[in-house]
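Structural overview for review
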Amino acid sequence: MGELKTFKGGTHPHDFKELAKNQKIAECDVPTEVIVPMAQHIGAPAKVLVKATDEVKRGQLIGEPAGFVSAGVHSPVSGKVKKIIQCNTPIGTTCQAVLIENDGKDEWADGCNVDTDVSTLSSADICKKVAWAGIVGMGGATFPTHVKLSPPPEKKIDAVILNGVECEPYLTSDYRLMLEKPETIVEGLKLLLKAVDCKNGYIGIEANKEDAFRIMDKLCKEMSGDGITLIAELLEVKYPQGAEKQLIKAILDREVPSGGLPMDVGVVVQNVATASAVYEACSKNRPLTERIVTATGDGVKEPKNFLARIGTPAKYLLGKCGFKENVNKLIYGGPMMGMAHFDLEMPVNKGMSGILSLCNAEVYEHRRCIRCGRCVEGCPQQLLPSELSLVIESGRFNDSKDINVLDCIECGVCTYVCPARRPIVQWIKLAKYELNRQRLRAAAKEKK
Ligand code: SF4
Ligand code: SF4
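Residues numbered from 1 in each chain as written. Chains lettered and ligands numbered in written order. Predicted model: local features only at pLDDT ≥ 70, side-chain atom pairs only at ≥ 80, totals over all residues.

Moving on to the pairing of strand β9 (residues 159-163). Buried residues dominate β9, accounting for 5 of its 5 residues. Neither face of β9 is exposed, since Ala159, Ile161 and Asn163 on one face and Val160 and Leu162 on the opposite face are all buried. In terms of strand pairing, β9 meets strand β12 (residues 267-271) through 5 bridges, oriented parallel. From the neighbouring strand, Asn163 faces β12, where its bridge partner is Asn271. Bridge count between β9 and strand β10 (residues 200-206): 4 bridges; the pairing is parallel. Residue Asn163 lies in a different strand from β10, and its bridge partner there is Gly204. (Buried ≥ 20, exposed ≤ 12 C-beta atoms within 10 Å, placed from the backbone. Helix = DSSP H or I, 4+ residues; strand = E, 2+ residues; numbered from the N terminus. Pairing = 2+ DSSP bridges.)

What follows is about the site of ligand 1. Close to ligand 1 lie 16 residues; Cys379, Cys408, Cys411, Val413 and Cys414 are nearest. Those elements giving two or more residues to the shell around ligand 1 turn out to be α12 (413-417) and α13 (424-447). Class assignment for the residues of the shell around ligand 1 results in 12 nonpolar, 3 polar and 1 charged. (Near = placed C-beta within 6 Å. Nonpolar A, V, L, I, M, F, W, Y, C, P; charged D, E, K, R; others polar.)

Its 24 residues give α13 an end-to-end C-alpha distance of 35 Å, which sits within 8% of 34 Å, the value for a rise of 1.5 Å per residue. The complete set of buried residues in α13 reads Ile424, Val425, Trp427, Ile428 and Ala431. Packing partners of the buried residues in α13 comprise α9 (374-378), α10 (385-393), α11 (397-402) and α12. (Expected span 1.5 Å × (residues − 1). Contact = placed C-beta atoms within 7 Å.)

This brings us to unusual backbone geometry. Across the junction of Tyr239 and Pro240, the peptide omega takes the value -5°, indicating a cis bond. Here Pro240 shows up in the loop between β11 (229-235) and α6 (244-252). Unusually for a residue other than glycine, Asp106 sits at a positive phi of about 55°. Within the secondary structure, Asp106 is located in the loop between β8 (94-102) and α1 (123-132). The phi dihedral of Arg421 falls on the positive side, at around 55°, and the residue is not glycine. Following the sequence through the fold, Arg421 ends up in the loop between α12 and α13. Look at Arg421 and you get exposed, because 12 C-beta atoms sit within 10 Å.

In this section: the site of ligand 2. Around ligand 2, the structure places 15 residues, and the nearest of them are Cys369, Cys372, Cys375, Ser386 and Cys418. The dominant element in the shell around ligand 2, judged by the number of residues it contributes, is α10, at 3 residues. For the shell around ligand 2, the per-class residue count stands at 9 nonpolar, 3 polar and 3 charged.

Right, let's get into the domain arrangement of the protein. For the protein, the assigned domains read domain 1 (17-104 + 287-358), domain 2 (118-284) and domain 3 (374-447). For domain 1 and domain 3, the distance between their C-alpha centroids amounts to 29 Å. (Domains from an automatic or database assignment.)

Core analysis: the biggest nonpolar cluster contains 123 residues, and Ile161, Leu189, Leu192, Met216, Val278 and Leu317 have the highest contact counts within it. Looking at which element gives the most residues to this core, the answer is helix α7 (residues 272-284), with 8 residues. Beyond its immediate stretch of four places on either side in the chain, Met216 contacts Gly164, Met178, Pro182, Ile203, Ile205 and Ala232. (Core = buried A, V, L, I, M, F, W, Y, C linked by C-beta atoms within 7 Å.)

A separate point is the sheet that holds strand β6 (residues 73-74). Taking strand neighbours across the sheet as the criterion, the 3 strands line up as β3-β5-β6 in an open arrangement whose pairing is antiparallel. This sheet does not close on itself; its edge strands, each paired only once, are β3 (47-48) and β6. Looking at chain direction, strand β5 (residues 61-64) and β6 are connected through 2 bridges and run antiparallel. By the bridge assignment, Gly63 is partnered in β6 with Val73.

To continue, consider the environment of Glu180. Mapped onto the elements of the fold, Glu180 is located in helix α3 (residues 173-180). Judged by local crowding, Glu180 falls into the partly exposed class, with 15 C-beta atoms found within 10 Å. In sequence terms Glu180 and Ile215 are 35 residues apart; their C-alpha atoms lie 9.8 Å from each other. Leaving out residues up to four positions away in the same chain, Glu180 has contacts with Lys24 and Ile25.

This paragraph deals with the sheet that holds β11. If you walk across this open sheet you meet the 4 strands as β11-β10-β9-β12, and the pairing is parallel. Either end of the sheet is taken by a strand with one partner, and the two such strands are β11 and β12. Within this sheet the neighbouring strands show an average axis-to-axis angle of 20°, counted without direction. Of the strands in this sheet, β10 and β11 are in contact with helix α5 (residues 210-223), which crosses β11 at around 165°. (Axes fitted to C-alpha atoms, helices over the stretch in contact; angles between N-to-C directions.)

So, in structure tokens, the structure goes:
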């Protein structure tokens, strides 16, 4: 194998994928009650459309998008609305959620779960279906997919890249999807290409998933044609190879400018699970009501990859894996970019590719920076994390803007490699939060 494509910087954490990688996707039974949050995406939370005692069907819209950058929310079961509650979100906020009693009948709403010939769909039809289905970035970013498919006319898209890298340690949901339902991914990629009127599709896969690569490579070759070129790219194993900007650099050797977006260099990036959901929405009229979730870590007896309904409480999934007593950390997502949380009732949402239960998570105190430079060397965005940490630790949030805090992709490499255990990425998130608050306050003042 020649030299594999990659990006500058990054690190090599142990991936712990051996725990769940050989577990086939298992359909998780649906609990008697599901909790369906209205904030499962970046942008405005959806507005609740139902009330207590309403009967609902699977796929029925129960939360309408509150603006263009928002996404609809659909009932994952048929049953009766018990009440509207407040629920925790993985990022530490709360949102409205619909608590639904599952009647066990799994009846679909009118118009859902009906086959459609995708070849009849125009680019506008595909975008409409994607918005209708409430699809968001399922790799964890949760950006509404229809927004990414609607770039301004001056931003011509000439490449769509699917992220099949799954570089977060422990997680294996995308890997299993590539092994078990590869056609849905490549069909989804073709629909995404049509949606943005583009001919070149890529699927990036790390070299530690060579079996998945071989399957995707064969399918890409078979399904290319009619002016469409599909290419599976084997990439170096390095974290965060799956980050949008790093994926674009590795595959196309293009650099997204500071403060810019992939569309500024003619690219749309989507996760492989998102592409599969696009295919399900377009070919079967199925809104997004389920996803694959890896439940893993040394805090469960038998790690698994579940096909779980949105709204299934984490406790339910972990219970199916044999939850151990002495768990000391629960993380929604992977250990590098996921969020530690206390709430076991928090439900599966559209962006949740994994739930991690750990028994031996370290608790430590940070020390002063020893200027070793490891964080600078590892930063895939070529920032100065050590400087950012010093500026933010002393509360100078505005100064952090001058050293490009907003270009940080929150990958956590700096925190991972730091021998002084400095919580650099956590400080960076705090600074971004404060800067955003200042921006919103200033905008509100201007409106008055
Ligand atoms: S500063 Fe941001 S982009 Fe750079 S390593 Fe740290 S978290 Fe990643
Ligand atoms: S890795 Fe940690 S100790 Fe080393 S320069 Fe960066 S912040 Fe300082």
